[in-house]
Amino acid sequence: MKLAIVEGDGVGKEVIPAAIEVLDALCLDVEKVPVELGYGKWEKTGSAITDEDIVTLKECDCVFFGAVTTPPDPNYKSVLLTIRKELDMYANIRPIRPLPGVHGILGRSNFNFVIVRENTEGLYSGIEEIGENASYTKRVITKEGSRRIAEYACKLAKSRQNELIIVHKSNVIKSDRLFLDVSRQAAIDAGVVHRDELVDSFAYNLITSPWKYDVIVTTNLFGDILSDMSGALVGGLGLLPSANIGTKHAFFEPVHGSAPDIAGEGIANPIAAILSLKMLLEWHGNLAEAAIVEEAVDAALNMGVCTPDLGGKYTTSEVGDIIAQYIKTRIE
Ligand code: NAD
Ligand code: IPM
Ligand code: MN
């Protein structure tokens, strides 16, 4: 596998090396292609991502990404949005499930759902008019964009509980009517049991009774907000992995950002990055290796090996080392 590796900024520079140690422990045939992107590069060169970087990312089988910091420049074009659009990765997949030994805000509870976030349009269209007295962002919902994300979610639902919940705000935002109609039709066509909820009351329902949900499909910004919120159910933002999937490309990253408030301290939780690596391995067809990574993460957490956000005393690299060591012993 030819793998582009973007550490990025802040804690990206800590959690990705920890996850790469885990990858190395699996002894797979991986050609690593380091790519520098983000705020650090912008400070050095005036550009956070170049056309050549995009070509490099496209040439690799997939991308493993840490996080980038958004520079304080009003004309800055988001690195992440550029990559998602250029590589047309329309599906942002965010699985949310409890981890052993970790308690979220509901304590020990049993839930297992996936947020399928539309990743290329909605309020992230980039079509904006910024003025002194008024600013506008165009919310784009297309039939094709809605159809492909809904079909992706239906396919995922069929491999799970065959239940889809469509989350929208069509009572107020009329563009969501199209998203809702197209998603409903996709569910009917696929034979998936479906219903819909308005995003505001849905957010309440999700955080109070998450076990009621299986696959959730929603538009870009709602999916962004609902996924960070769901981190509270699991036990922290350092625990949520994600995959950005398109027809040709795939990109794996923690849900969290560059966490400037803790960057450089060696205390960032690498579990989100390591579970993103697990998603990468599954996508690439290395199912046995993905299962070993998950088993190793579970084993570490069961032994109380965790960073301070989970009440532990271990550093980022120590957690990575212990998980890698477990894998080495396991596959010997
Ligand atoms: P953030 O996710 O970086 O941090 C939010 C909170 O969660 C912070 O208190 C942080 O310390 C904590 N946290 C995050 N990851 C953690 C980890 N692995 N272990 C322990 N604690 C962790 O969100 P933010 O502070 O709103 O954003 C910071 C910067 O990151 C901004 O510039 C934002 O634009 C960027 N960002 C980038 C990405 C990305 O590149 N994928 C995603 C989100 C935000
Ligand atoms: C995420 C992040 C990004 C988003 C930002 C950094 C562009 O918050 O991946 O969730 O909003 O999609
Ligand atoms: Mn986000």
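Since we're looking at a predicted model, the values are computed, not measured.

*Asks:* What am I meant to see in the packing of aromatic side chains here?
*Replies:* The description of an aromatic ring pair rests on the distance of the ring centres and on the angle between the ring planes. Taken as a whole and judged by the stated rule, the model has 6 aromatic pairs. Where Phe65 meets Phe251, the ring centres are 4.8 Å apart and the plane angle is 40°; that geometry is what we call tilted. Of the two residues, Phe65 sits in strand β3 (residues 62-67) while Phe251 sits in strand β12 (residues 250-254), which places them 186 residues apart along the sequence. Its relative accessible area of 0% is what places Phe251 among the buried residues. Note on Phe252 and Trp283: the rings are 5.9 Å apart at their centroids and 55° apart in plane angle, and the pair reads as tilted. With Phe252 in strand β12 and Trp283 in helix α9 (residues 271-284), this residue pair connects regions lying 31 residues apart in the sequence. You can call Phe252 buried: its relative accessible area is 1%. Between the NZ or CZ atom of Arg117 and the centre of the ring of Tyr124, over which it lies, the distance is 5.1 Å.

*Asks:* Can you walk me through the site of ligand 1 in this structure?
*Replies:* The immediate surroundings of ligand 1 are formed by 20 residues, with Val68, Thr70, Gly257, Ala259 and Asp261 found nearest. Between an oxygen atom of ligand 1 and a side-chain N or O atom of Thr70, the distance comes to 2.6 Å. The separation between a nitrogen atom of ligand 1 and a polar side-chain atom of His256 is 3.2 Å. Expressed as a share of its isolated accessible area of 810 Å², the protein-covered part of ligand 1 is 69%.

*Asks:* Hey, could you run me through the site of ligand 2 in this one?
*Replies:* Lining the immediate surroundings of ligand 2 are Ser78, Leu80, Leu81, Arg84, Arg94, Arg117, Tyr124 and Asp224. One of the side-chain nitrogen or oxygen atoms of Arg84 is found 2.7 Å away from an oxygen atom of ligand 2. Contact with the protein chains covers 75% of the free accessible surface of ligand 2, which is 320 Å². Among the detected pockets, ligand 2 sits in the largest pocket. The greatest single-element share of the shell around ligand 2, amounting to 3 residues, is contributed by helix α4 (residues 79-86). Grouping the amino acids of the shell around ligand 2 by side-chain chemistry returns 3 nonpolar, 1 polar and 4 charged. Mapping the shell around ligand 2 onto the domain boundaries places at least three of its residues in each of domain 1 (1-102 + 239-332) and domain 2 (107-234).

The rules behind each value
- Throughout this description, residue numbers start from 1 for each chain and increase along the sequence as written.
- Working convention: letters from A go to chains and numbers from 1 go to ligands, in the order in which they are written.
- Only residues with pLDDT of at least 70 get local features here, since the model is predicted, and only at 80 or more are side-chain atom pairs given and counted; chain-wide, interface and lining totals rely on the full set of residues.
- The side-chain values count all of the structure's non-hydrogen atoms but skip hydrogen atoms and water molecules.
- Ring geometry is summarised as follows: Phe, Tyr and Trp rings, the Trp one being its six-membered ring, pair when their centres sit within 6.5 Å, and such pairs are stacked at plane angles under 30 degrees, edge-to-face over 60 and tilted between the two.
- By the criteria applied, helices consist of DSSP H or I runs no shorter than four residues and strands consist of E runs no shorter than two, each listed in order from the N terminus.
- When a residue's accessible area, from a 1.4 Å probe over protein chains only, is under 20% of the maximum for its type it is buried; when over 50% it is exposed; and in between it is partly exposed.
- In our convention, an over-ring charge means Lys NZ or Arg CZ found within 6 Å of a ring centre and within 35 degrees of that ring's normal.
- What makes a residue near a molecule or strand is one non-hydrogen atom of that residue sitting within 4 Å of it.
- Each polar contact in these results corresponds to two N or O atoms within 3.5 Å; when the atoms are within protein, one needs to be able to donate a hydrogen and the other to accept it, and residues that are neighboring in sequence are counted only if both atoms are side-chain atoms.
- The protein chains shown are the only cover counted for residues, whose accessible areas, like all others here, come from Shrake-Rupley with a 1.4 Å probe.
- The way it works is a 1 Å grid over only the protein atoms, where trapped points that fit a 1.4 Å probe form a cavity and open points with protein on both sides within 12 Å along at least five of seven lines form a pocket, and then any residue with an atom within 4 Å of a point lines it.
- Those molecules having more than half of their atoms within 2 Å of a cavity or pocket grid point set are described as sitting in that cavity or pocket.
- Polar here means any residue outside two lists: the nonpolar Ala, Val, Leu, Ile, Met, Phe, Trp, Tyr, Cys and Pro, and the charged Asp, Glu, Lys and Arg; Gly therefore counts as polar.
- Note that the domain bounds were set by an automatic or database domain assignment.

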